[in-house]
Amino acid sequence: MRGEAVLEPRQQEFRQIATRLPITASLSLDPAEITISFIRASGPGGQNVNKVSTAAQLRFDLRNSPSLPIGVKARAEKLAGTRLTTEGEIVISADRHRTQALNRDDAIDRLLALLRAAATPPKPRRATKPTFSSQQRRLDKKTERSGVKRLRTRKPDLE
């Protein structure tokens, strides 16, 4: 313990909360659940692209995550689309920037944006009834259209 500051229990608790990634006010993600590896980026960049691995590939095991409730996991699976593997991992590749740090932050931001979108439950659909006037307009248009089609079916009389 030489050279280390002894933290009060309250300060340790604050440090743990501060290290979690906030999704919503009541929901956060443990950074230990995210795996980031660096790969070579594609596209233009000259010789630097061939020798430096700056693109970040983020992997997050969605199905086995203890941080997320079941409803959020189900909505996130739908939103992830092709970024979701058959094992239930979300894979996000980020190579927009020229440095590892910016690409890592970009990948994490994109994951958090996806999870924020999944955290908001869909608005429940309320059954509505069409108004009387809209029903009447619809029926009037149908009779008008059927009249046009009726005129097209008859052959003209040759007198």
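Everything below is about the structure shown above.
The shown structure was predicted, so the numbers you read here are calculated from the model rather than taken from an experiment.

### Describing the overall build of the chain
When helices and strands are counted, the chain shows five helices and five strands. Each helix (α) and strand (β) of the chain, taken in turn from the N terminus, gives the series α-β-β-β-α-β-α-β-α-α. Counting only carbon and sulfur atoms, one obtains 53% of the accessible surface of the chain, whose full area is about 12,500 Å².

### Quick notes on the pattern of salt bridges
Scanning the model with the defined rule gives five salt bridges in all. Residue Arg96 is joined to Asp106 by a salt bridge in which the shortest nitrogen-to-oxygen separation is 3.5 Å. Of this pair, Arg96 sits in the loop between β5 (89–94) and α4 (100–119) while Asp106 sits in helix α4, and the two are 10 residues apart along the sequence. Overall, Asp106 belongs to the buried group, its relative accessible area being 10%. Ionic contacts of the salt-bridge type, sharing partners, join the residues Arg96, Asp106 and Arg110 into one network.

### Focus on the nonpolar core
In this structure, Leu29, Phe60, Ile90, Leu111 and Leu115 are the most contacted members of the largest nonpolar core, which totals 24 residues. Looking at this core, the elements with two or more residues in it are β4 (55–61), α3 (70–80), β5 and α4. The element that contributes the greatest number of residues to this core is α4, accounting for eight residues. Setting aside residues up to four positions removed in sequence, Leu29 forms contacts with Arg20, Leu21, Ile23, Ile34, Phe60, Ser65, Ser67, Leu111, Leu112 and Leu115.

### Focus: the pairing of β4
Judged from the six bridges that link them, strand β3 (residues 34–39) and β4 form a sheet pairing that is antiparallel. Counted as the bridge partner of Ile34 is Phe60 from β4. Examined bridge by bridge, β4 and β5 share six bridges and lie antiparallel to one another. The partner of Gln57 across the bridge, within β5, is Ser93.

### Re the side chain of Ser65
Secondary-structure assignment places Ser65 in the loop between β4 and α3. The buried category is assigned to Ser65, whose relative accessible area is 3%. Not counting residues within four places of it along the chain, the set of residues in contact with Ser65 comprises Leu29, Glu33, Phe60 and Lys73.

### Quick notes on the sheet that holds β3
Sheet architecture is open: three strands sit in the order β3-β4-β5, paired in antiparallel fashion. Both edges of this open sheet fall to β3 and β5, since each of them pairs with a single strand only. Each strand axis lies, on average, 20 degrees off the axis of its neighbour in the sheet, ignoring direction. Contacts from α4 reach β3, β4 and β5, with the element oriented near 140 degrees to β5.

### Concerning the packing of α3 against α4
Following both chains from N to C, one finds α3 and α4 inclined at 125 degrees, their axes separated by 8 Å at the closest point. Considering their axes alone, α3 and α4 lie oblique with respect to each other. For the pair α3 and α4, the crossing hand works out as right-handed. Only Leu114, Leu115, Ala117, Ala118 and Ala119 of α4 make contact with α3, whose side of the interface consists of Val72, Arg75, Ala76, Leu79 and Ala80. The residue inventory of the contact of α3 with α4, partitioned by class, reads nine nonpolar, no polar and one charged.

Parameters at a glance
- Residues numbered from 1 in each chain as written.
- Predicted model: local features only at pLDDT ≥ 70, side-chain atom pairs only at ≥ 80, totals over all residues.
- Heavy atoms only, no water.
- Helix = DSSP H or I, 4+ residues; strand = E, 2+ residues; numbered from the N terminus.
- Areas by Shrake-Rupley, 256 points an atom, 1.4 Å probe, with all protein chains shown as cover.
- Salt bridge = Lys/Arg side-chain N within 4 Å of Asp/Glu carboxyl O.
- Buried < 20%, exposed > 50% of the residue type's maximum accessible area, 1.4 Å probe, protein only.
- Core = buried A, V, L, I, M, F, W, Y, C linked by side-chain atoms within 4.5 Å.
- Contact = heavy atoms within 4.5 Å.
- Pairing = 2+ DSSP bridges.
- Axes fitted to C-alpha atoms, helices over the stretch in contact; angles between N-to-C directions.
- Parallel < 35°, antiparallel > 145°, perpendicular 65-115°, else oblique.
- Left-handed = near helix turned anticlockwise from the far one by under 90°.
- Nonpolar A, V, L, I, M, F, W, Y, C, P; charged D, E, K, R; others polar.

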